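Tertiary structure, described
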Amino acid sequence: MEQEIVLKKQRQGLSFLKPLIMKLSPKINKGSLVSFLKKSGITLLSVLLFIGLWHMGAKALYDVEAEYKIEKALAERGQEAADAERACIASGDSSCQPNTLPSPSQVWASLQSLIADHQVITADKAAFVEKMAATNAKLIAQGKDAIVYTGRASFLDIIFTSIKTVFAGFLLALLIAVPIGIIIGLSPSLRSAFNWFIQVFKPVSPVVWYLLVFMIVKTLYIGDSSDNAFVISFISVGLCAMWATLVNTAMGVSSVDKDYINVAKVLKLGTFQKVFKVILPSSLPLIFTGLRITLSVAWMVLIAIELLAQSQGLGLFVWEEFQNGANDSNSKIIVAMFVIGIIGFLLDRFMLTVQNMVSFNKNEAV
Amino acid sequence: MSTATLSTETGTTENGIFYPSNVMLDLSKLKKVYPTPKGDYVVLEDLDLQIMKEEFVTIIGHSGCGKTTMLSMIAGLNPISGGNIAVLGKPVKGPGPDRGVIFQSPSLMPWMTALENVLLGVNKVFPHATKTQRKDIAKYYLHKVGLEGAFNKKAMELSQGMQQRVGIARAFAIKPKVLLLDEPFGMLDSLTRGELQDILIEIWNKEKITAVMITHDVDEAIFLADRVVMMTSGPRAKIGDILNIDFERPRSRKSVLEHPDYYTYRKHLIDFLEH
Ligand SMILES: Nc1ncnc2c1ncn2[C@@H]1O[C@H](COP(=O)(O)OP(=O)(O)OP(=O)(O)O)[C@@H](O)[C@H]1O
Ligand SMILES: [Mg+2]
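Let me begin by describing the structure that accompanies this report. All values derive from a computational prediction rather than experimental measurement.

**Regarding the overall build of chain B**
In terms of helices and strands, chain B carries nine helices and 12 strands. Relative to the globule expectation of 19 Å for 275 residues, the C-alpha radius of gyration of chain B, 19 Å, shows essentially globular dimensions. Considering only C-alpha atoms, chain B reaches an extent of 50 × 50 × 45 Å along its principal axes. Counting across all 275 residues of chain B, residues that qualify as buried make up 52%. Of all intrachain contacts in chain B linking residues separated by at least 6 positions in sequence, the fraction that spans at least 24 positions is 68%. In chain B, 33 side chains carry a positive charge and 32 a negative one; their mean positions are 7 Å apart.

Okay, here's the thing in structure tokens:
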């Protein structure tokens, strides 16, 4: 019975895995197979439709941009130059390709080149570590710092940096917002005292948070610049994203069912027992709702903040590719866009699952 | 005989007022005012009621007359606007485990098991008992209410009736002197209701405590009570009438229904409520 409930709850959070779970389970009855095929069929169809529309849109934009280039050549350098431009574009030469929205196949190619690039860099790194092993051992024996690989970061390293930053920021938000939320939730006077503070700082944009943190960290923390960028970006992300958790925690704690409070009063529970046995458990669902919003906000503002902080994550990757303007830059940006979207989706689903696990009230839909 | 020995033998004195020793609860000149935007609303005024030790009193009255208000003031959950409430001669200053409460909704902590819910109070009231002893107390009362199979079920997985059983076990397990019940069976079907009435009476009889129970059900009021207290309609509600129920205990539902006085009692209550 208990397991059944757990399963049911998990389905809410990771329901998109349901077809997979059903497929993997040994007992497949006919009905579920049909509905599985139907469900995945519809999903597949919508993906194909999306790619098709994207392809056509990209093609149209490509034609417009090509026409514009040829016309520009005609106006500036005459008929001959225009013909040469047309021939060059038709030949597929990378030097004169119209720069516009990349097509699905270009994006796919970019993804593969990014993966290949990652493999090259990984091999490079391994070779470096091997080469330096003896030297480093000696350096460590002498009490000096080992020499580390400082080459280019691969796409996966970049993703990893972003995830690390977002989790550090999320953790910071949790450590600040949950205790403060509990304290101000418990005391109505503190709540009204803090209210202006929350109302004023909640809507402040990530860019401003970044600048504020930059001013403070710059003076207080002396690390090398990449450490600095990491510290600044995760603190900014945390501060920017913590408000939802703060507000939800305070609300959850202050709005505990009056019946529970009465029970605690009749039993004369002490403050500690009252907080940890009654108030906190009953506000956990709301706290987790807040944490889920915090995580998704953190992931959303991360991109902008990494860009500003020059932290080696997806935000900076996107910005550098845009600045770079190389032939496959645009398609790399789209790859990053999908990666960002998919990771954000998975993070949200993960939090939803956790949230459903702590939610004791089955009817409480979120 | 000096006054000191008198007070220990037959009663206590508090603030110079003499209380006969068999009075458990004493409400005198009780008043409750709720401030509202349209001015003060006087719910109760000049309400006098004495409830004896080991007595079972049921309270009936029209909806909104102030029954819950009165009970929550006895429990100490609601401040008194005027007059006095004394438990064994001592004025009530706030809630406490000497007055157990069973609310209309079971109000269990849904994230705890049945056992943990009962233990919550037991741990508080018996701080010097060992863990096993406390668990035994909790289990004993859960057993009494017929939940021996559901110790470790989460409260949210229990049916309404089972939850209210846990509520009864939780209230008795803290060994209160007075048990206050606010329409505890109002949300249950009549079959479960009857079962829980029997359980309630059985434990009440065994524990020899005082019970005050609000109900809307005239038959329930008669079946359970030594006295039925009728409240007048608000505002400024007070005690309108008190009916002694002289059936012998233990009572069976059948013998009560067949008793010649039953319909006289019933008519008395219904006449009161209809005027
Ligand atoms: N906190 C409050 N503030 C203002 N008025 C209140 C408050 N609580 C109760 N009242 C009013 O006091 C009156 C008595 O309420 P109470 O809940 O005691 O009635 P009751 O006899 O228990 O009714 P019922 O049988 O429906 O439970 C009602 O008119 C109600 O509207
Ligand atoms: Mg009521």
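This is not the end of the story, as more comes after the structure.
**Remarks on the packing of aromatic side chains**
Across all of its chains, the model carries 19 aromatic pairs over all chains by this definition. Both rings, one in A:W54 and one in A:F338, keep their centres 5.8 Å apart while their planes meet at 40°; by these two values the pair is tilted. Here the residue A:W54 occupies a position in helix α3 (residues 30–91), and A:F338 occupies one in helix α13 (residues 329–358), the gap between them amounting to 284 residues. On the basis of relative accessible area, A:F338 is assigned to the partly exposed category, the value being 31%. Note on B:F247 and B:Y265: the rings are 5.3 Å apart at their centroids and 70° apart in plane angle, and the pair reads as edge-to-face. Separated by 18 residues along the polypeptide, B:F247 in the loop between β12 (239–244) and α8 (253–258) and B:Y265 in helix α9 (residues 262–273) bring together distant segments of the chain. Pair check on accessibility: B:F247 and B:Y265 agree, each one buried.

**Considering the sheet that holds strand β5 (residues 56–60) of chain B**
Residues and elements named next belong to chain B. Taken in spatial order, the six strands line up as β8-β9-β10-β5-β11-β12 in an open sheet, and their pairing is mixed. A single partner strand is all that each edge strand has here, and the edge strands are β8 (99–102) and β12. Strand-to-strand, the axes of this sheet are offset by a mean angle of 20°, without reference to chain direction. Where β5 lies against strand β11 (residues 227–231), four bridges are found, and the strand directions are parallel. Bridge pairing in β11 places I59 opposite V229. Set on the sheet, helix α2 (residues 67–75) makes contact with β5, β8, β9 (178–182), β10 (210–214) and β11; between it and β9 the angle comes to about 150°. Across the face of the sheet, helix α5 (residues 160–173) comes into contact with β8 and β9 while running at roughly 175° to β8.

**A look at the pattern of salt bridges**
Residues and elements named next belong to chain B. A full pass over the atoms with the stated rule returns 18 salt bridges over all chains. When the shortest N-O distance is used, the salt bridge between R227 and E55 registers 2.4 Å. With R227 in strand β11 and E55 in the loop between β4 (39–52) and β5, this pair connects stretches of sequence that are 172 residues apart. Its salt-bridge partner being R165, residue E195 comes within 2.6 Å of it at the nearest N-O pair. Taken together, the residues E195 in helix α6 (residues 190–207) and R165 in helix α5 connect sequence positions 30 residues apart. A single salt-bridge network, built from bridges that share partners, covers K31, E45 and R236.

**Quick look at the environment of A:I163**
Residues and elements named next belong to chain A. For I163, the location among the structural elements is in helix α5 (residues 155–186). Residue I163 is classed as partly exposed on the basis of its relative accessible area of 27%. Placed 196 residues apart in sequence, I163 and S359 show a C-alpha to C-alpha distance of 26 Å. When sequence neighbours within four positions are dropped, the list of residues in contact with I163 reads W299 and I343.

**Some remarks on the interface of chain B and chain A**
Interface extent is often summarised as the accessible area lost during association of the parts. Taken together, the contact between chain B and chain A spans 22 residues of the former and 20 residues of the latter. Buried area between chain B and chain A, summed over both chains or domains, comes out near 2000 Å², and the portion from carbon and sulfur atoms is 72%. On inspection of chain B and its partner chain A, the count reaches zero salt bridges. Linking chain B with chain A are four residue pairs in polar contact (both at pLDDT 80 or more). For the side of chain B that touches chain A, the secondary structure elements donating two or more residues are β8 and α3 (114–125) of chain B.

**Considerations on the sheet that holds strand β3 (residues 23–36) of chain B**
Residue and element names in this part refer to chain B. Here four strands make up an open sheet; going across it, the order is β4-β3-β6-β7 and the pairing antiparallel. Strands with a single pairing partner mark the edges of an open sheet, and in this sheet they are β4 and β7 (90–91). Sheet topology note: the strand β6 (residues 82–87)/β7 ladder contains two bridges and is antiparallel. Paired with V87 across the bridge in β7 is K90. Its contacts with the sheet place α2 against β3, β4 and β6, and it is angled at close to 120° to β3.

**Some thoughts on the site of ligand 1**
Residues and elements named next belong to chain B. Around ligand 1 lies a shell formed by Y34, Y41, V43, S63, G64, C65, G66, K67, T68, T69, E183 and H216. At a separation of 3.3 Å, an oxygen atom of ligand 1 approaches a polar backbone atom of C65. Starting from 630 Å² of accessible surface for ligand 1 in isolation, the protein chains cover 61%. Of all the elements in the fold, those that place two or more residues in the shell around ligand 1 are β4 and α2. Counting residues per element, the shell around ligand 1 draws most heavily on α2, which supplies three residues.

Cut-offs applied
Residues numbered from 1 in each chain as written. Chains lettered and ligands numbered in written order. Predicted model: local features only at pLDDT ≥ 70, side-chain atom pairs only at ≥ 80, totals over all residues. Heavy atoms only, no water. Helix = DSSP H or I, 4+ residues; strand = E, 2+ residues; numbered from the N terminus. Rg over C-alpha atoms; globule rule 2.2 N^0.38 Å. Buried < 20%, exposed > 50% of the residue type's maximum accessible area, 1.4 Å probe, protein only. Contact = heavy atoms within 4.5 Å. Lys, Arg positive; Asp, Glu negative; His and termini not counted. Charge placed at Lys NZ, Arg CZ, Asp CG, Glu CD. Phe/Tyr/Trp six-rings, centres within 6.5 Å; stacked < 30°, edge-to-face > 60°. Pairing = 2+ DSSP bridges. Axes fitted to C-alpha atoms, helices over the stretch in contact; angles between N-to-C directions. Salt bridge = Lys/Arg side-chain N within 4 Å of Asp/Glu carboxyl O. Buried area = accessible area lost by both parts, 1.4 Å probe. Polar contact = N/O pair within 3.5 Å; in protein donor to acceptor, adjacent residues only side chain to side chain. Near = heavy atom within 4 Å. Areas by Shrake-Rupley, 256 points an atom, 1.4 Å probe, with all protein chains shown as cover.

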